[in-house]
Every structure is written in C-alpha cells, then in structure tokens.
Amino acid sequence: GESVGLHLPTLSVQEGDNSIINCAYSNSASDYFIWYKQESGKGPQFIIDIRSNMDKRQGQRVTVLLNKTVKHLSLQIAATQPGDSAVYFCAEMSDSGAGGTSYGKLTFGQGTILTVHP
Amino acid sequence: GAGVSQSPRYKVAKRGQDVALRCDPISGHVSLFWYQQALGQGPEFLTYFQNEAQLDKSGLPSDRFFAERPEGSVSTLKIQRTQQEDSAVYLCASSLLERGPYEQYFGPGTRLTVT
C-alpha cells in the first residue's frame, strides 16, 4: 500500500550543529508534504510544507528538500537548539479526493527522535 | 480558545468498557480529523468530518469505533467494548477549510490505556 516511511532513526546532535532528518515516501501521486514536530505529551506541530512542484522551501531555520526522482524528503534544521529536541514526522497528502481536490487526509511516517545536547 | 482541545487527557478503561473522547476544534474550522497514534508510531487516520458530515470513515479499525459531530463543531469519538489493542493516543485535528492543503492544527491528544 501507499506509505510514507522513516526507518526509525535517532539523531543526536550538539547545540549549534545543523540537523538533517530524512524521509522516504512511496506514493508518487502525493502532491503535498509536511513536516511535523511532536514534543512529549503534545500533538504534532506544523513546521514547514512543500508542494510536489517544488524542490526546496525555506522557513525560519528550517529547509525542506524534495527529490521526486528518488521519492525522498528531508528536513534541515540550522543551528539546532535544545528546544528542537522532539520527534519529527513527515506526512503526505494527495490531491486525489472527490472533484480532484483533497480534503486533507494525511499519511504519516514513523518518526525520527532528535536529541540536542547543550 | 486558542487551539484544539481534547478531553480527557488520560483515560484508563477496563477491557470491555465503553469510552467517549471529546474534541473541541478551533472555532469556525470546517474540517475535523481523528487520528490514532500507537506508541512509537506516526498518527494514523481514522475519520474525517466536513462540518457535521462524516465524509470518510475508512480508517476506523472496527465497528466498535464510532464518531460524531452533530452540530459541526465539537466531535466525540466513541469506542465500545474496548480491547487492549485500542490503547493509543487519539489525536484530533481541525483545519479552516474543506479542501487541502491547509494546515491542520492538532490537539494534545487523549491517551487511552485499556487494562
């Protein structure tokens, strides 16, 4: 079936380093990808998104890269801070609902645990 | 309120009991989603409402799961005759409009433990 998957990596970095979190997806029909951050005891929090017609998008300290050829998505966090410690999920949405538009159903990957050491 | 709220935050149920989980979405949000998150996993879609209409319930794992949103605002997820495999965090999310992609705002979840 269609899936978006992380291979359950754990990433440990020092404060100030750059972090890169990767995600592989299998649904070539996906039109929209989102990265979420989830802290313990909280719901997922939107970080950044990218549409399938783009290959890069930048936000504040974060950059998302999309490689459709190999169905790969990555999240880069610059100057990682202890407050960035969390589980990070990629998610995909396909524009394939009724009438050709999606109502927003998300398919999530398994998550990467990011630990930032001061 | 400022965000999506869910209650209770924690629920312990004995196997076979019925439970009801509540979601208060952001006021005015048309779309409401329920997701189930097992320990160490990403959330998995359960069901979707557009206003009061349940347009997709393809993710509900069994007929013991039932969701409603009768007035197009608050939603309740009910699980009948709970089983141990129902133990998970149940997340609710809402978004402003009925078509994607629009940001979904998640609540803190209800952690259900079935003993």
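Given the structure is predicted, the values throughout are model-derived calculations rather than measurements.

Enquirer: Would you take a moment to explain the state of the cysteines for this structure?
Expert: Any covalent bond linking the sulfur atoms of two cysteines counts as a disulfide. Scanning all chains against the criterion turns up two disulfides over all chains. Two residues, Cys23 of chain A and Cys90 of chain A, share a disulfide whose sulfurs are 1.9 Å apart. Note on the Cys23 of chain A and Cys90 of chain A pair: the S-S dihedral is about 55 degrees, so by sign convention the disulfide is right-handed. Taken together, the residues Cys23 of chain A in strand S3 (residues 19-25) and Cys90 of chain A in strand S9 (residues 86-94) connect sequence positions 67 residues apart. On the accessibility criterion, Cys90 of chain A (0% relative accessible area) is buried. Residue pairing for Cys23 of chain B: its cysteine sulfur links by disulfide to Cys92 of chain B, the two sulfurs lying 1.8 Å apart. Where Cys23 of chain B bonds to Cys92 of chain B through sulfur, the torsion about that S-S bond is close to -65 degrees, and the disulfide is left-handed. Of this pair, Cys23 of chain B sits in strand S3 (residues 19-24) while Cys92 of chain B sits in strand S9 (residues 88-95), and the two are 69 residues apart along the sequence.

Reading the values: the criteria
- Residues numbered from 1 in each chain as written.
- Chains lettered and ligands numbered in written order.
- Predicted model: local features only at pLDDT ≥ 70, side-chain atom pairs only at ≥ 80, totals over all residues.
- Heavy atoms only, no water.
- Disulfide = S-S within 2.5 Å.
- Helix = DSSP H or I, 4+ residues; strand = E, 2+ residues; numbered from the N terminus.
- Buried < 20%, exposed > 50% of the residue type's maximum accessible area, 1.4 Å probe, protein only.

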